[in-house]
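Residues per chain are reported as follows:
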Amino acid sequence: MMSVKKKRKKSLNSNPSSPTDTNIDPQNLPVHVAVIMDGNGRWAKKRLLNRIKGHEKGSETVRTVVRTCREIGIRVLTLYAFSTENWRRPQSEIAALMALLKKFLISERKEMLDNNIRLNAIGQVERLPEDVRRELHRSMKLTEKNDGMILNLALSYGGRAEIVKAIQEIARDIKSGGLDADSITPDLISKHLYTGTMPDPDLLIRTSGEMRISNFLLWQIAYTEICVTDTLWPDFSKEELLRILKNYQERERRFGKVDT
Ligand code: FPP
């Protein structure tokens, strides 16, 4: 693997508790890390357990990853927790996932407040059960002033639906006369996505070895570095995350340009 230092503006890392136990360069961290958390079902199947046990163990990994990202100074962490396609799963599994989500929102509230984490949701949250929505909005409201890290939970999220929503909004603005078609730029489209003015992900991690994007952040990952690990999400650890970040720092990002 090439080990050329990236030419990149200074990282936005402002966390004083920068990594001390690794050789990760705190000035060269990905600003935005996105994760496709996959493999909960296979983890359970391998142990002859119900798939829901895999999701339960997967929730513990979510806690570890959120904590680690905050500790090392990642500014935005986006987790694919529930896709628009996941509504097609058996009702019992959907109910278990929603219960886990609700539990997470309640149990992690203090940790988010103590650690200056702002919770945000991307996706069709209006489709979530009312009790989950209530806890979600409560956590979002309570943490809205936090500026240490944004934790984006992708919930009932689909990349195509997100782009369709953006186009509909822009079309309405054109129809009302407030916008000229020639003013449509990549920046304008980005602003109409759920991620709004957030930076695009620098790094996308997918667990469980599948080489797919699965309708995740389709617009935003145009130049994102991708890392696929065979590890199943419930087995994903702090150590592996740090190894992936180290690997990211050894990559050369050219954004379509050539080296000069
Ligand atoms: C993919 O595994 C994972 C999901 C569909 C949901 C992710 C949910 C969690 C990690 C737990 C709850 C979330 C939070 C934020 C507390 P899969 O079921 O598709 O696994 P498989 O491909 O092995 O069947």
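Every value quoted in this text rests on a predicted model; they were computed, and no experiment measured them. Sequence order as written defines the numbering, with residues in each chain counted from 1. For a predicted model such as this one, the threshold for reporting local features is a pLDDT of at least 70, and the threshold for listing and counting side-chain atom pairs is 80 or more; totals across whole chains, interfaces and linings nevertheless cover every residue. Only hydrogens and water are removed before side-chain values are computed, so all heavy atoms of the structure are retained for them.

Draft legend 1. How the structure looks around the site of the ligand. Around the ligand, the surrounding shell holds 17 residues, and the nearest of these are D38, G41, R42, R51 and R89. Between the ligand and R42 there is a distance of 2.7 Å, counted from an oxygen atom to a backbone nitrogen or oxygen. By the criterion applied in these results, polar contacts are pairs of N or O atoms within 3.5 Å in which, for protein atoms, one can donate a hydrogen and the other can accept it, and in which residues neighboring in sequence qualify only through two side-chain atoms. Contact distances for the ligand include 2.8 Å between an oxygen atom and a side-chain N or O atom of R51. Protein contact buries 92% of the 620 Å² of open area that the ligand shows by itself. In the cavity and pocket records, a cavity denotes points on a 1 Å grid over the protein atoms alone where a 1.4 Å probe fits but cannot get out, a pocket denotes an open set with protein on both sides within 12 Å along at least 5 of 7 lines, and lining residues are residues with an atom within 4 Å of a point. Assignment to a cavity or pocket requires that more than half of a molecule's atoms be within 2 Å of the site's grid points. According to the grid-proximity analysis, the pocket containing the ligand is the largest pocket. Helix and strand labels come from DSSP, where a helix needs a run of H or I of at least four residues and a strand needs a run of E of at least two; each type is numbered from the N terminus. Going through the elements one at a time, α1 (40-46), α2 (51-72) and α3 (91-107) are the ones with two or more residues in the shell around the ligand. Looking at which element gives the most residues to the shell around the ligand, the answer is α2, with 5 residues. Residues are counted as near a molecule or strand when any one of their heavy atoms sits within 4 Å of it. Per-residue and other accessible areas follow the Shrake-Rupley method at a 1.4 Å probe size, with only the shown protein chains counted as cover for residues.

Draft legend 2. Representation of the nonpolar core within the structure. Formed by 42 residues in total, the largest nonpolar core has its most connected members in L77, L79, L151, L153 and L155. The element that contributes the greatest number of residues to this core is α3, accounting for 6 residues. Nine residue types can take part in a nonpolar core, namely buried Ala, Val, Leu, Ile, Met, Phe, Trp, Tyr and Cys, and a core is a set of them joined through side-chain atoms within 4.5 Å. Three labels apply to residues, based on accessible area from a 1.4 Å probe with only protein chains included: buried if under 20% of the type maximum, exposed if over 50%, partly exposed otherwise in between.

Draft legend 3. Structural detail: the layout of surface pockets. Grid points are joined across faces, edges and corners, and a volume is the space filled by probe spheres set on the points. Of the volumes computed, that of the largest pocket is approximately 710 Å³. Taken together, 32 residues form the lining of the largest pocket, with M37, N40, Y80, A81 and N86 sitting closest to its centre. At the level of secondary structure, the elements contributing two or more residues to the lining of the largest pocket comprise α1, α2, β2 (76-83), α3 and β4 (149-157). Taken together, the residues of the lining of the largest pocket break down into 15 nonpolar, 9 polar and 8 charged. Classification used: nonpolar for Ala, Val, Leu, Ile, Met, Phe, Trp, Tyr, Cys and Pro, charged for Asp, Glu, Lys and Arg, polar for all others including Gly.

Draft legend 4. Spatial organisation of unusual backbone geometry. Within the chain, L48 stands out as a residue other than glycine whose phi angle is a positive 55 degrees. One can find L48 in the loop between α1 and α2. For L48, a relative accessible area of 81% puts it in the exposed group. The phi angle at S208 is positive, at roughly 75 degrees, despite the residue not being glycine. Within the fold, S208 resides in the loop between β5 (203-206) and β6 (225-228). S208 gets classed as buried once you look at its relative accessible area, which sits at 8%.

Draft legend 5. Highlighting the packing of α2 against helix α8 (residues 238-249). Look at α2 against α8: their axes get within 10 Å of each other, and the N-to-C directions meet at 45 degrees. With respect to their mutual orientation, α2 and α8 come out oblique. Regarding α2 and α8, the two cross each other, and that crossing is right-handed. Listed contacts from α8 to T64, V65, T68, C69, E71 and I72 of α2 are K238, L241, L242 and L245. The class makeup of the residues in the contact of α2 with α8 is 6 nonpolar, 2 polar and 2 charged. Angular values range over 0 to 180 degrees, each being the angle between N-to-C directions of two axes fitted as lines to C-alpha atoms, with helices fitted over their stretch in contact. Angle categories are assigned with fixed cut-offs, so that under 35 degrees is roughly parallel, over 145 is roughly antiparallel, 65 to 115 is roughly perpendicular, and the rest are oblique. By convention, the crossing between two helices is left-handed when the near helix turns anticlockwise from the far helix through less than a right angle, and right-handed when the turn is clockwise. Two residues qualify as a contact provided that any one of their heavy atoms is within 4.5 Å of a heavy atom in the partner residue.

What is shown is where atoms sit, not what they do.
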